[in-house]
Amino acid sequence: MDAFKGRSQTTKGIWMARCNGIEPCTLVMDLEGTDGRERGEDDTAFEKQSALFALAVSDIVLINMWCHDIGREQAANKPLLKTVFQVMMRLFSPRKTTLLFVIRDKTRTPLENLEPVLREDIQKIWDSVPKPQAHKETPLSEFFNVEVVALSSYEEKEEQFREQVASLRQRFHHSIAPGGLAGDRRGVVPASGFSFSCQEIWKVIKENKDLDLPAHKVMVATVRCEEITDEKYASFSANEDWCQLEEAVQSGPVPGFGRKLSSLLGTCLSEYDAEAAFFDEGVRTAKQKQLQEKLFQLVLPAFQSALGHIRSGTLDKFKVAFDKALNGGEGFSEAARKCSEFCMVQFDEACADIVIEQANWDTSKVREKLLRDIDAHIAAVRATKISELTSSYEEKLKQALCGPVEALLDGANSDTWSSIRNLLRRETLSAVSGFSTALIGFDMDEETRQKMLKSLEDYARGLVEGKAKEEVGRVLIRMKDRFTMLFSHDADSMPRVWTGKEDIRSITKTARSASLKLLSVMAAIRLDDDDADNIEKVLAVALVEPSPSSNGTRSMTVVDPLASSSWEEVSSSKTLITPVQCKSLWRQFRTETEYTVSQAIAAQEASKRNNNWLPPPWAIAAMVILGFNEFMTLLRNPLYLGVIFVGYLLIKALWVQLDISGEFRNGALPAIISLSTKFVPTIMNLMKKLAEEGQNHAANNPQRTPSKNSYSDSHAVSSSASSNLTALDNGREYEDPVKDE
């Protein structure tokens, strides 16, 4: 205020006082200047806050403006007004504040010419301010009344200046009356709440960050550094080397990727630093970071592609190396460890080749992902190998057990299950020993290893049990086969010929006992050493031995031991054939084998009949007594014997030619019909043969004398006829040996 001490800041902060002599009561706030050197160019927040506070709480705001600043940008406070207008519309509702522009040191330019320019500038500021959606179309007059007054220079026209100030003071009298400076004000706050209202308004203004705008040089640095940032980003994006590198890395690994990309990024950032070196350091650094982040976002996909190629390539190399090591006979765990360590070293070396110096990106997550993939592949291969190994030993057990067990059950006897147990124990021990040795290379815990060995043992036992259950379905067939073998063949395995001397009852009992033995063996599983039962005894008592009786009358009620669904001392899990099923099978077995026994009995009786060709003794005695006369007649006349002999030969020849015994096998009536059709042709054929034989004999002996050799001739004829009939009996024609001489 002292002109002799120089110019300096007069008002600091906001001062408030009551006006003297002005009605109604009027409070005046004095704000510090908006362009003081004391705060500097970097501290412009308070002037915006204080200006907004004045607009929010005052009905009339006086804005001092030097006449020569009209038409200028900064000196006319246009940026300040623009910021204040924007924030005021967002924070506060319209209250019709009067903006009174006081033009000081008025020149010769008439006020009528200055006022339109000032109003036009205010309107342009209002139009350019971004407005919220609720005030998109709100005019300036809704928020503000604009008034303009001019004051002459105090130093040159002091008297005129004082008169104009006094006139301006008079305008504040009754300012809230209609037509006054604040006659149309809104949202009036009572005096009792004015203090609280001011506190809340100042709090809202202080918390609003939109008023913390930079100073002029900061704004210039911001705008220019942003332009440089955009230019360098666009230049890098269009860089041919970068485009080629980006394209190449999509298809596969690029040697020296990190070095090439670091060089391109370093060149781009260096160019930015060179062009932005003379701007504000804080802005320059911030924009450099922004440029760096944008560049990092641009190159990150390429970096991730390169890293992905390294990860997938390393995983493929591991798989190849691991398979090669396993095929070379190396232990599973040792091969997995060596190949994994070797491939991770290669991965780290490859990652060092793609590292970007400026980014310092972390590759640990990809490394962990690779380790998980390797572990997953190892686990999958381990599961496959163990599965193949298990399947191999299971197949060996299947081959070693199924065939022998089937053979043992087929020839079931008292030692069958003992032999099966020994076989199972021997083969299981061999397989488990080999399997245990093979599992050592897989580096598994003892509990898992024991579980797998136990599983293999259970599999072997299950094979035997399954085979036994499978053979149970064929037990009836095997019983009949065994019965047939023992019943129809002798001790030398030769087929029996039922001659009538064999004891069929004893043979049948022996064969059925052997079949019953097979049934008892197949009735239950006996794979444990302590498996003892009385199944065979129960079956023998119930099915083979006769039931107890006394003189045809039962002395007591006999309980059927097979009338049950379970065996004593045998669990249901080990039962293959229940007692009831055994009884049913035995009944069916007896039914199907009775025919074989009856056939044998019939064959034996037929053999007896065929072998007993002599008549009974009484018949022989009767024939001797009753045929004595005939016998004496034959002795007196031997010629009858020749006739009888010839008749016998003829009858025998007819018997053989007609196959009478074979015909009667098909029944009496068919035999009679067949013999009636063949009898006459057969007689004619025999007569023809005899005639031809007689002619041949006469031609070969023409000089014989009938008188001397009549007996010899008759004997020769009889011999020839006998020979001829014998030849017919054998089914072929007899040729006289004389013809061959």
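Chains are numbered independently. Their residues run from 1 in the order of the written sequence. Where totals are concerned, whole chains, interfaces and linings use all residues; where local detail is concerned, this predicted model gives features only for residues with pLDDT of at least 70, and gives and counts side-chain atom pairs only at 80 or more. Just so you know, side-chain values use all the structure's heavy atoms and leave hydrogens and water out.

(A) Expanded view of the overall build of the chain. Strands are runs of DSSP state E lasting at least two residues, helices are runs of H or I lasting at least four, and both sets are numbered from the N terminus onward. Within the chain, the secondary structure is distributed over 23 helices and 5 strands. Counting the 741 residues in the chain, one finds 35% classified as buried. Should any heavy atoms of two residues lie within 4.5 Å, those residues are considered in contact. Pairs at least 24 residues apart make up 72% of the contacts formed inside the chain by residues separated by at least 6 positions. Here the open area of atoms and residues is found with the Shrake-Rupley method and a 1.4 Å probe, where only the protein chains shown may cover a residue. When the accessible surface of the chain is split by element, carbon and sulfur atoms take 54% of a total near 45300 Å². Remark: exposure states derive from per-residue accessible area (1.4 Å probe, protein chains only) relative to the maximum for the residue type, with buried under 20%, exposed over 50%, and partly exposed in between.

(B) Geometry of helix 8 (residues 257-275). What a helix is expected to span follows from its residue count: subtract one and scale by 1.5 Å. The end-to-end C-alpha distance of helix 8, which contains 19 residues, comes to 28 Å, matching closely the 27 Å that a straight helix rising 1.5 Å per residue would cover. Looking only at helix 8, the buried set comprises Phe257, Gly258, Leu261, Ser262, Leu264, Leu265, Gly266, Cys268, Leu269 and Tyr272.

(C) Expanded view of the nonpolar core. In these notes, a set of buried Ala, Val, Leu, Ile, Met, Phe, Trp, Tyr and Cys residues joined through side-chain atoms within 4.5 Å is what counts as a nonpolar core. With 106 residues, the main nonpolar core has Phe257, Leu519 and Ile577 as its most contacted residues. Ranked by the residues each element gives to this core, the list is headed by helix 9 (residues 281-327), at 15 residues. Discounting residues that sit within four places of it in the chain, leucine 519 has contacts with Val475, Met479, Leu539, Ile577, Cys582, Leu585 and Trp586. Grouped together as the second largest cluster of nonpolar side chains are 24 residues, Phe101, Leu114, Phe143 and Ala150 included.

(D) How the structure looks around the confidence of the model for the chain. When the pLDDT values of the chain are averaged, the result is 79; 82% of them are 70 or greater. For every residue, the predictor states its confidence as a pLDDT score lying anywhere from 0 to 100. Confidence drops under pLDDT 50 across residues 212-216; counting only partners more than four residues distant or on other chains, this segment forms 11 contacts. Every residue in residues 703-741 is under pLDDT 50, and counting partners more than four places away or in other chains gives 27 contacts.

(E) Spatial organisation of the packing of aromatic side chains. A pair of aromatic rings is counted whenever rings of Phe, Tyr or Trp (Trp by its six-membered ring) have centres within 6.5 Å, and the orientation is called stacked for planes under 30 degrees apart, edge-to-face for over 60 and tilted otherwise. Applying the stated criterion across every chain, the model contains 16 aromatic pairs. Their ring planes at 40 degrees and their centres at 5.0 Å tell us that tryptophan 586 and phenylalanine 589 sit as a pair that is tilted. Of the two residues, tryptophan 586 and phenylalanine 589 both sit in helix 17 (residues 579-611), 3 residues apart, roughly one turn of that helix. Residue tryptophan 586 shares its accessibility class with phenylalanine 589, and that shared class is buried. Members of the aromatic cluster, connected to one another through ring pairs, are Phe483, Phe487, Trp498, Trp586 and Phe589. Cation placement over rings: the criterion is NZ of Lys or CZ of Arg within 6 Å of the ring centroid and within 35° of the ring normal. Looking at lysine 294, its charged tip hangs above the ring of tyrosine 233, at a distance of 4.6 Å from the centre. The lysine or arginine in question, lysine 396, covers the ring of tyrosine 393, its NZ or CZ lying 4.8 Å from the ring centre.

(F) Fine view of the side chain of lysine 517. By the secondary structure assignment, lysine 517 is in helix 15 (residues 504-522). According to the relative accessible area criterion, lysine 517 is buried, its value standing at 16%. Excluding its chain neighbours within four sequence positions, the residues that come into contact with lysine 517 are Ala412, Asn413, Ser414 and Glu536.

(G) Molecular detail of the sheet that holds strand 3 (residues 60-66). At least two DSSP bridges between two strands are required for those strands to pair. Across the sheet, which stays open at both edges, the 3 strands sit in the order 3-4-5 with parallel pairing between neighbours. Either end of the sheet is taken by a strand with one partner, and the two such strands are strand 3 and strand 5 (144-150). Going from strand to strand, the sheet's axes swing by 20 degrees on average, the running direction of each strand aside. Here strand 3 pairs with strand 4 (residues 97-104) via 7 bridges, running parallel. Of the residues in strand 4, the one forming a bridge with valine 61 is leucine 99. Note on geometry: axes are C-alpha line fits, over the in-contact stretch for helices, and angles between N-to-C directions span 0 to 180 degrees. Along the sheet face, helix 3 (residues 111-128) touches strand 3, strand 4 and strand 5 and points at about 150 degrees away from the line of strand 5.

(H) Molecular detail of the pattern of salt bridges. Basic side-chain nitrogens of Lys or Arg form a salt bridge, by our definition, when they fall within 4 Å of a carboxyl oxygen of Asp or Glu. On inspection of all chains with the given rule, the structure shows 33 salt bridges. Put simply, arginine 461 and aspartate 528 hold a salt bridge, and the shortest N to O gap is 3.2 Å. On the criterion of sequence distance, the pair formed by arginine 461 in helix 13 (residues 446-472) and aspartate 528 in the loop between helix 15 and helix 16 (535-544) is long-range, its members being 67 residues apart. Here arginine 461 falls in the partly exposed class, since its relative accessible area comes to 26%. The partly exposed category is assigned to aspartate 528, whose relative accessible area is 25%. Connected through salt bridges with shared partners, the residues Glu406, Asp410, Lys467, Glu470, Glu471, Arg474 and Arg478 form a single ionic network.

(I) Broad picture of the packing of helix 15 against helix 16. Where helix 15 meets helix 16, the axes come as close as 9 Å, and the angle between the chain directions of the two elements is 135 degrees. Relative to helix 16, helix 15 is oriented oblique. Remark: the crossing between helix 15 and helix 16 carries right-handed chirality. Residue-level inspection shows Leu516, Lys517, Leu519 and Ser520 of helix 15 in contact with helix 16, the latter providing Ile535, Glu536, Leu539, Ala540, Leu543 and Val544. Each residue gets one label: Ala, Val, Leu, Ile, Met, Phe, Trp, Tyr, Cys and Pro are nonpolar, Asp, Glu, Lys and Arg are charged, and the others, such as Gly, are polar. Residue classes in the contact of helix 15 with helix 16 are distributed as 7 nonpolar, 1 polar and 2 charged. Here the word oblique covers every angle except those under 35 degrees (roughly parallel), over 145 (roughly antiparallel) and from 65 to 115 (roughly perpendicular). Handedness of each helix crossing follows the sense of rotation of the near helix against the far helix: counterclockwise by less than a right angle gives left-handed, clockwise gives right-handed.

(J) Molecular detail of the packing of helix 7 (residues 240-251) against helix 8. One can describe the packing of helix 7 onto helix 8 by two numbers: an axis separation of 11 Å at closest approach and a directional angle of 150 degrees. With respect to their mutual orientation, helix 7 and helix 8 come out roughly antiparallel. Between helix 7 and helix 8 the crossing geometry is left-handed. On helix 8, the residues that touch Asp241, Trp242, Leu245 and Val249 of helix 7 are Phe257, Lys260, Leu261 and Leu264. Residue composition of the contact of helix 7 with helix 8, grouped by class: 6 nonpolar, no polar and 2 charged.

(K) Geometry of the environment of threonine 11. Along the chain, threonine 11 turns up in the segment before strand 1 (14-18). A relative accessible area of 13% means that threonine 11 is categorised as buried. With near-sequence residues (within four places) excluded, threonine 11 lies in contact with Asp30, Leu31 and Glu32.

(L) Local environment of helix 12 (residues 416-439). Taking 1.5 Å per residue as the helical rise, helix 12 with its 24 residues ought to reach 34 Å, and the 34 Å between its terminal C-alpha atoms agrees with that figure. Those residues of helix 12 lying buried are Thr416, Trp417, Ile420, Arg421, Leu423, Leu424, Thr428, Ala431, Val432, Phe435, Ser436 and Leu439. Those residues of helix 12 hidden inside the fold are in contact with helix 11 (364-410), helix 13 and helix 15.

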